[in-house]
Amino acid sequence: MTTLTIAAAQSISIAGDLAANMAWHRRFMQVAAEQGVQLLVFPELSLTGYERGLATELAIAPDAGVLQPLRDFAREVGVTSVVGMPIRLSDDSPVLIGALVLGADGSLGIYSKQHLHPGEEVAFAPGTGGSTLKIGTDTVALAVCADFSHASHAAAAARQGADLYAAGVLITENGYAPDTALLQGYACTHSMAVLMANHGGATGGWGSAGRSAIWAADGSLIVAAPGTGNLMVVARRNADGWKGQIVAVAEA
């Protein structure tokens, strides 16, 4: 079994402030690099906050120049980073909930949330998903929040050969128990590790539960954050199996 180090970035988003959130993302990416992380996954709409009312104004093309410094930094530190952003695929296309893969090799991958929560349709259109990605010898399938509430989504990831199902989410306290039960169940059912990156604080009027977590392919919990706050949840796999670690992330 090859070595692998993955992490959930449990970041706190500042409403609508792309510049400030990019600075925080850079900080998480720097700490991830120091920990040897190969794949870092941020929460749903991490770069803007879960701000439905601002989505139309903030939406960008995935390859917009405003994100180039963050893409360059991902390459510089060698950490493939999945960041959340409202996106438009063309000037006149609808706004999608995007998860952009800033590759350690400088590449850009695009995933768009396929399944919307009730109420999200006022600001967003359903997306089309995206391709799996390779981290070393492992295949990673992405999800954004409500995607994983559909068992067919995780099953499709398994059919694509996913070794890891990685979801950026916004989960509240009330939703935490049923949602994590689903994710843990997918790990068992499909024999794939599962990563959940939740917001570290309130966003868009919703109180996040935090407690980002990573499960092994047998459904056992590797590591979970103890609560909210700017934290990185790290899981390392070697020949002896998985080990987890929580890393606090402070301003530089």
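Residues numbered from 1 in each chain as written. Predicted model: local features only at pLDDT ≥ 70, side-chain atom pairs only at ≥ 80, totals over all residues. Heavy atoms only, no water.

By the naming in an unreviewed UniProt entry, the protein is Carbon-nitrogen hydrolase family protein, taken from Pseudomonas cucumis.

## Some remarks on helix 5 (residues 173-190)
An α-helix turns once per 3.6 residues; consequently, residues spaced three or four apart project the same way. Where we set the bar: Put simply, DSSP H or I for four residues or longer makes a helix, DSSP E for two residues or longer makes a strand, and each gets a number counted from the N terminus. In this scheme, a helix's expected span is set at 1.5 Å multiplied by one less than its residue total. Three exposure classes are used, based on accessible area relative to the maximum for each residue type with a 1.4 Å probe and protein chains only: buried under 20%, partly exposed in between, and exposed over 50%. By definition, residues are in contact when any of their heavy atoms lie within 4.5 Å.
Taking 1.5 Å per residue, 18 residues should reach 26 Å; helix 5 reaches 26 Å between its end C-alpha atoms and fits that length. Those residues of helix 5 that sit buried are Gly175, Tyr176, Thr180, Leu183, Tyr186 and Ala187. Each element contacted by the buried residues of helix 5 is listed here: helix 4 (151-159), strand 8 (164-169), strand 9 (193-198) and strand 10 (213-215). Following helix 5 by one or two positions, Ser191 has its phi on the positive side, about 50°.

## What about the environment of Lys243?
Tracing the backbone through its elements, the reader meets Lys243 in strand 13 (residues 241-248). For Lys243, a relative accessible area of 60% translates into the label exposed. Along the sequence, Lys243 and Ala217 sit 26 residues apart, while their C-alpha atoms lie 13 Å from each other. Sequence-distant contacts of Lys243, defined by excluding residues within four places in its chain, comprise Ile222, Val234, Ala235 and Arg236.

## Details of the pairing of strand 13
Basically, it comes down to this: Should DSSP find at least two bridges between two strands, the strands are regarded as paired.
Relative to strand 13, strand 12 (residues 231-238) is paired through eight bridges, and the arrangement is antiparallel. Within strand 13, the position partnered with Val233 by the bridge is Ile246. Turn length for the strand 12-strand 13 hairpin, with the two strands adjacent in sequence and antiparallel, is two residues.

## Details of the sheet that holds strand 5 (residues 108-112)
Rules: The convention used is that axes are lines fitted to C-alpha atoms, helices contributing only their stretch in contact, and that angles between N-to-C directions extend from 0 to 180 degrees.
In spatial order, the strands read 5-4-3-2-1-12-13; together these seven strands make up an open sheet with mixed pairing. The strands lining the two open edges of the sheet, one partner per strand, are strand 5 and strand 13. Strand after strand, the sheet turns through a mean of 25° between neighbouring axes, direction not considered. Bridge analysis of strand 3 (residues 80-87) against strand 4 (residues 96-102) gives seven bridges, and the strand direction is antiparallel. Among the inter-strand pairings, Ile87 is bridged to a residue of strand 4, identified as Leu96. Sheet strands in contact with helix 3 (residues 68-77) are strand 3, strand 4 and strand 5, and its direction is about 35° off that of strand 4.

## Overview of the side chain of Asn230
Keep this limit in mind: Whenever a nitrogen or oxygen atom comes within 3.5 Å of another N or O atom, the pair is scored as a polar contact, on the condition that within protein one atom can donate a hydrogen and the other can accept it, and that pairs from neighbouring residues in sequence are kept only if both atoms are in side chains.
Its place among the elements puts Asn230 in the loop between strand 11 (221-224) and strand 12. A residue is classified by how much of its surface remains accessible, and Asn230, at 16% relative accessible area, is buried. Here Ile12 takes part through its backbone nitrogen, which lies 2.9 Å from a polar atom of the side chain of Asn230. With residues near it in sequence (within four places) discarded, Asn230 still touches Gln10, Ser11, Ile12, Trp24, Phe28, Ala248 and Val249.

## A look at the pattern of salt bridges
Two side chains of opposite charge can pair, provided their charged atoms sit close to one another. As a reminder of what qualifies: Salt bridges are counted wherever a side-chain nitrogen of Lys or Arg sits within 4 Å of a carboxyl oxygen of Asp or Glu.
Counted under the stated rule, the structure contains five salt bridges. For Asp138, the salt bridge identified is with Arg237, shortest N-O distance 2.7 Å. Of this pair, Asp138 sits in strand 7 (residues 138-144) while Arg237 sits in strand 12, and the two are 99 residues apart along the sequence. Like Asp138, the residue Arg237 is buried in the burial classification. Three or more residues are tied together by salt bridges with common partners; here these are Glu44, Lys113 and Glu120.

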